[in-house]
Amino acid sequence: MPHRSSISPAVIGTFIILSILALCTQTDAGPEDNALTWEECISITIDKNPELQSSRELVIQSKAKVGSAVSGYLPQISANFGANVTRQTSQDQTSSQNTTNINQLLIKEATKKKWDDTYSYSYGISGRQMIFDGFKTVFDIKSAESLVDGSKFRHRAASSDIRLSLRTAYVNLMKSQESIGLLRAIANRWKKNLDLVKIRYSAGREHRGSVLNAEANYAQARLELQQSESRLRVEQMSLLRQMGITAFSSISAAEKLAGKKTDATRPDFAIIVKTHPLVLQAARQRTSAEYDQKSKIAAFTPVVSATGSAGKTGASLPADKTNLSAGLDVSVPLFTGGSNYFNYRVSESEARRLKADEQTTRDSVLFNLEDKWNGWQNSIGRSAVRKKFVDASEERARIAEAQYSIGLITFDNWIIIETELAENKKSYLSALADELTAEALWLQAKGEVLSYEK
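Sequence order as written defines residue numbering, which begins from 1 separately in each chain. Totals for whole chains, interfaces and linings use all residues, but because this is a predicted model, local features are given only for residues with pLDDT of at least 70 and pairs of side-chain atoms are given and counted only at 80 or more. Side-chain figures throughout are based on the complete set of non-hydrogen atoms in the structure, without hydrogens or water.

A. Examining the packing of aromatic side chains more closely. Pairing of aromatic rings covers Phe, Tyr and the six-membered ring of Trp, with a centre-to-centre limit of 6.5 Å; geometry is then stacked below 30 degrees between planes, edge-to-face above 60, and tilted otherwise. This model, assessed by the stated rule, comprises 10 aromatic pairs. Relative to Tyr 170, the ring of Trp 38 has its centre 5.6 Å away and its plane inclined at 50°; by these criteria the two rings are tilted. With Trp 38 in helix H2 (residues 38-48) and Tyr 170 in helix H5 (residues 136-202), the pair connects residues that are 132 residues apart, well separated along the chain. Relative accessibility thresholds used throughout: buried, under 20% of the residue-type maximum; exposed, over 50%; partly exposed, between the two (1.4 Å probe, protein chains only). When its relative accessible area of 0% is taken as the criterion, Tyr 170 is described as buried. Here the aromatic cluster, defined as three or more aromatic residues joined through ring pairs, consists of Phe 269, Trp 373, Trp 376 and Trp 442. The ring of Trp 38 has Arg 167 lying over it, and the distance from NZ or CZ to the ring centre is 4.8 Å. Either the NZ atom of lysine or the CZ atom of arginine qualifies as a charge over a ring when it sits within 6 Å of the ring centre and within 35 degrees of the ring normal. A cation over a ring is seen here: Arg 233 above Phe 248, with NZ or CZ 3.8 Å from the ring centre. Helical segments are the DSSP runs of H or I of at least four residues, strand segments are the runs of E of at least two, and each set is numbered from the N terminus.

This is how it looks when you write it as structure tokens:
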């Protein structure tokens, strides 16, 4: 007889259960499946953020305005075609020898109208070339080119602001994720402490007030955990919004909160100011206004243009009569109601205003650099100090728990140490998040754009 291997029902059942668990593990996508690195968030933002897209369009518009200004130097050519008909009327009245009223009425009714139509056609091409306009077009072109540079620097400034918002949202998501883990560990520790207090209370070595206090601490920890879990969705939505994604998705930050080792040497702020996008944007706007002022002065000068045309006219198509013309046109603005003068006064004032704004921007950027640099360095120091408090609290809590379990310290002294440990851990987590946010503020003060890390 063939040998048959026997498999026990228990083994078969275990195999089925493990297979189901493995299948569920593969199909149940958790937040880690949508974990995003910081570089991935930057790439998505560059591609989808609507504010960044709007800023790019402004650059395109400013370049188009340069082309519009250049068109003043190019020939203006147009083609024309015309067809006209002229209609005239003439009346012929018939006469009769009969002078009766009835016959006169019939003669009047018999009056006929005749139409004489005359047709004419014309077609041709005409052109105008500006020769000299007091360099007004030159200044208009230079003004538009300065605005192109200004729009590029404005785009850089917008990218810098978006980077700050994106980084802040990413740090907040990291903090929210790690807060959940930390608060869960704190809640478990308070549960363990509550169990210890209950054991001592049952043994008659602790009073009821200690039990109630431990229960309150445990309830507080559970509430903070619940609030942190609810906050996670808000931080996810905030990061998605900054990236330009409208539909909600359960995402997570792939990185952890951690400070960076950096050189604490104070940078040369004067060098940073010279290349800062806000300062360069203000400088280009002021330059554009100065060219616009010169353009308004040139509006007082004569404009010299060459004109020419070629065409045909006639009573039928194709027309048989050829017309050719060429000439020189000189236009001198004698009186325009004062518009040229007042336009010049406006441009003159605008140039002075933008010059003052440039200085204000420069001073503001310099102050912001100093402020954000100091804020970042201070946050680095605070997170280092908070880490020392955590290390000290953990050691004290380890010793205090052992002492309390054998009755060497009272509940009041022990619970103070436990509370300090929980608060120091939460403060350290906040300090790490504040350090990364302060770094983002410093980079934004420098004018760093989204592609800074790439």
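Once you've had a look at it, read on.
B. Quick look at a nonpolar patch on the surface. Think of a patch as exposed residues, more than 30% relative accessible area, with no salt bridge, where like charges cluster within 9 Å and nonpolar side chains (Val, Leu, Ile, Met, Phe, Trp, Tyr) cluster within 5 Å. Each accessible area value is a Shrake-Rupley result obtained with a 1.4 Å probe; residue values ignore everything except the protein chains displayed when judging cover. A carboxyl oxygen of Asp or Glu within 4 Å of a side-chain nitrogen of Lys or Arg is what we treat as a salt bridge. A surface patch of nonpolar side chains, about 1000 Å² in accessible area, is lined by Tyr 73, Ile 131, Phe 132, Phe 135, Leu 328, Val 330, Val 332, Leu 334 and Phe 335. By the element assignment, Leu 334 lies in the loop between strand S6 (321-331) and helix H9 (339-405).

C. Region of interest: the nonpolar core. Of all hydrophobic cores here, the largest spans 47 residues; its most connected members are Cys 41, Leu 166, Leu 239, Met 243, Leu 257 and Trp 414. For this core, the secondary-structure elements that each account for two or more residues are H2, H5, helix H6 (208-243), H9 and helix H10 (411-446). It is H5 that provides the largest number of residues to this core, a total of 16 residues. The contact rule is simple, with two residues in contact once any of their heavy atoms fall within 4.5 Å. Sequence-distant contacts of Trp 414, defined by excluding residues within four places in its chain, comprise Asn 193, Leu 196, Val 197, Ala 400, Glu 401, Tyr 404 and Ile 409. In this description, a nonpolar core means a group of buried Ala, Val, Leu, Ile, Met, Phe, Trp, Tyr and Cys residues linked to one another through side-chain atoms lying within 4.5 Å.

D. Up close: the pattern of salt bridges. A full pass over the atoms with the stated rule returns 25 salt bridges. Residues Arg 184 and Glu 229 are paired through a salt bridge, measuring 3.2 Å at the closest nitrogen-oxygen approach. With Arg 184 in helix H5 and Glu 229 in helix H6, this residue pair connects regions lying 45 residues apart in the sequence. Residue Arg 286 is joined to Glu 358 by a salt bridge in which the shortest nitrogen-to-oxygen separation is 2.9 Å. You can see Arg 286 sitting in helix H8 (residues 277-298) and its partner Glu 358 sitting in helix H9, a full 72 residues away along the chain. Through salt bridges with shared partners, one network takes in Arg 286, Glu 290, Glu 358 and Arg 362.

E. Examining H8 more closely. Expected helix span is given by 1.5 Å per residue-to-residue step, counting one fewer step than there are residues. Over its 22 residues, H8 extends 31 Å from the first C-alpha to the last, a length consistent with the 32 Å expected when each residue adds 1.5 Å. Of the residues making up H8, those classed as buried are Pro 277, Val 279, Leu 280, Gln 281, Ala 282, Ala 283, Arg 286, Ser 288, Ala 289, Gln 293, Ser 295 and Ala 298. Each element contacted by the buried residues of H8 is listed here: H5, helix H7 (269-274), H9 and H10.

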